[in-house]
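Each chain, letter by letter, is given below.
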Amino acid sequence: MENDMETLLKISAHDNAAVKQYRKLARSRKERTKTGLFVLEGFRLVSDAVKNGAALTQLFWTEDGLARWQAEGLPDVLHGTRCALVSDSLAAELSQTEHTQGVFAVCQIPDPPALSALIHTGGSYAVLHQLQDPGNAGMILRTADALGLDGVIYSASCDIYSPKVVRATMGSLFRVPLCCVPEIEPVLAACRDAGVESCAAVVSGQAELVGQCLFRKGTAVVIGNEGNGLPEEVSAACDRRVTIPMHGTIESLNAAMAAGIILWEVQKAAAAGNGGQ
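Residues numbered from 1 in each chain as written. Predicted model: local features only at pLDDT ≥ 70, side-chain atom pairs only at ≥ 80, totals over all residues. Heavy atoms only, no water.

Engineer: Honestly, the sheet that holds strand 10 (residues 208-209) in this entry has me stumped. Any pointers?
Structural biologist: Working definition: the strands of a sheet are paired by backbone hydrogen bonds and lie parallel or antiparallel to each other. Across the sheet, which stays open at both edges, the seven strands sit in the order 8-7-6-11-9-12-10 with parallel pairing between neighbours. Of all strands in the sheet, those bounded by a partner on one side alone are strand 8 (178-181) and strand 10. Strand contacts of helix 9 (residues 185-194): strand 6 (124-129), strand 7 (151-155), strand 8, strand 9 (197-201) and strand 11 (219-223), with the helix running at about 160° to strand 11, the strand carrying the most contacts. The sheet contacts of helix 11 (residues 255-272) involve strand 6, strand 9, strand 11 and strand 12 (240-243), and relative to strand 11 the element is tilted by about 170°. (Pairing = 2+ DSSP bridges. Helix = DSSP H or I, 4+ residues; strand = E, 2+ residues; numbered from the N terminus. Contact = heavy atoms within 4.5 Å. Axes fitted to C-alpha atoms, helices over the stretch in contact; angles between N-to-C directions.)

This is the structure:
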């Protein structure tokens, strides 16, 4: 291999420019937005990025991390990617996990698709409005990946390229079409234009019970904020309201859990060929 441990650039200085940039990107949404870059940590995430053709600008390995990378048959020479070995002490400083795997990367944020291109007739989507918890944001993307959704739209939500959200996606970030928008109105308009039915997930009021209602092929499930749910004006703008029936004194579910249950029903209906007539 061209980049073996003898020829690979070695970095141990904590004030190295590439290391400083990684730190900035890891902690600052403003820096990620300005540069169009975000960071990845861990063998699984970085290898998924490579396998899915993500544009990496920088790769860091510890010696153990590079040995595992090479043992897995992954390329240690990537076009347009600067590669370097970092010391174990520097890796520990860069890591945001308890036990570092010695693999770090800087990646370009991909250009998002236009809503009119992402949302199409017959597609299934998750629309997340004002979602703020990184774990929920990442888990719903993983769920969308597992269920084969056609896309996920984040409206006025947390930064999906923050390290916490990226880790929570477990690589689904590179496989699911997604976009982030500041307002939800254009999303609902794009759904209407494509004949995709918008379904507001609510916890109270007049709503159809999930498990009893019939979803059509071409549905966008709209999930709201963890604490407050969807604003009334947003749920009113959707075509339907749906709710998960609860037993006992439980009033609501975790946003990611609720999304998973409803999206499962949506995909089951799509697989059955429901036309919603």
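Engineer: Explain helix 7 (residues 134-147) to me, please; I cannot follow it from the model alone.
Structural biologist: For an α-helix, 3.6 residues make a turn, and residues three or four places apart therefore share a direction. With 14 residues, helix 7 extends 20 Å between its outermost C-alpha atoms, agreeing within 8% with the 20 Å of an ideal straight helix rising 1.5 Å per residue. By the burial criterion, the buried members of helix 7 are Asn136, Ala137, Gly138, Ile140, Leu141, Thr143 and Ala144. Buried-residue contacts for helix 7 involve strand 6, strand 7, helix 8 (163-169), strand 8 and helix 11. With a side-chain oxygen positioned 3.0 Å from the backbone nitrogen of Gly135, the residue opening helix 7 is Asp133. The positive-phi residue at the C-terminal boundary of helix 7 is Gly148, with phi of around 75°. (Expected span 1.5 Å × (residues − 1). Buried < 20%, exposed > 50% of the residue type's maximum accessible area, 1.4 Å probe, protein only. Polar contact = N/O pair within 3.5 Å; in protein donor to acceptor, adjacent residues only side chain to side chain.)

Engineer: What is the right way to read the packing of helix 7 against helix 11 from this model?
Structural biologist: What describes two packed helices is the angle between their axes and the distance between those same axes. Packing of helix 7 against helix 11 leaves a shortest axis separation of 9 Å and a crossing angle of 20°. Here helix 7 lies roughly parallel to helix 11, going by the angle between them. When you trace helix 7 past helix 11, the crossing you get is right-handed. Residues Asn136, Met139, Ile140, Thr143 and Leu147 of helix 7 form the contact with helix 11, whose participating residues are Ala255, Ala256, Ala259, Gly260, Leu263, Trp264 and Gln267. (Parallel < 35°, antiparallel > 145°, perpendicular 65-115°, else oblique. Left-handed = near helix turned anticlockwise from the far one by under 90°.)

Engineer: I would appreciate a short explanation of the pairing of strand 4 (residues 82-86) in the present structure.
Structural biologist: Within a regular strand, the side chains alternate between the two sheet faces. The element strand 4 is largely enclosed, with a buried count of four among its five residues. Here strand 1 (residues 9-11) runs beside strand 4; their pairing, made up of three bridges, is parallel. Paired with Lys10 across the bridge in strand 4 is Leu85. Alignment of strand 3 (residues 56-61) against strand 4, held across four bridges, turns out to be parallel. If you follow Trp61 over to strand 4, its bridge partner there is Leu85.

Engineer: Which parts of the structure should I look at to understand the pattern of salt bridges?
Structural biologist: Overall, the coordinates contain ten salt bridges when judged by the stated rule. We note a salt bridge from Arg44 to Asp48, for which the minimum N-O separation is 3.0 Å. On the criterion of helical spacing, the pair formed by Arg44 and Asp48 is a turn pair, its members being four residues apart in helix 3 (residues 43-51). Taking the relative accessible area as the measure of exposure, Arg44 reaches 44% and is therefore partly exposed. By relative accessible area, Asp48 is classed as buried at 8%. (Salt bridge = Lys/Arg side-chain N within 4 Å of Asp/Glu carboxyl O.)

Engineer: Please clarify how the sheet that holds strand 3 should be interpreted in this entry.
Structural biologist: What the five strands build is an open sheet, ordered 1-4-3-5-2; its pairing is mixed. Of all the strands in the sheet, just strand 1 and strand 2 (37-41) have a single pairing partner and so form its edges. Within this sheet the neighbouring strands show an average axis-to-axis angle of 25°, counted without direction. Packing against the sheet, helix 1 (residues 17-27) makes contact with strand 1, strand 2, strand 3, strand 4 and strand 5 (103-108), and its axis sits at approximately 95° to strand 2.

Engineer: Just to check I follow, could you spell out the state of the cysteines for this structure?
Structural biologist: Any covalent bond linking the sulfur atoms of two cysteines counts as a disulfide. Inspection of the entire model under this criterion finds zero disulfides. Its sulfur unpaired, Cys158 is 8.7 Å from the next cysteine sulfur, which belongs to Cys180. Overall, Cys158 belongs to the buried group, its relative accessible area being 10%. Considering cysteine sulfurs only, Cys238 is the nearest to Cys191, which forms no disulfide, with 8.4 Å between them. Residue classification places Cys191 among the buried residues on the basis of a relative accessible area of 1%. (Disulfide = S-S within 2.5 Å.)

In short, geometric facts, not functional conclusions.
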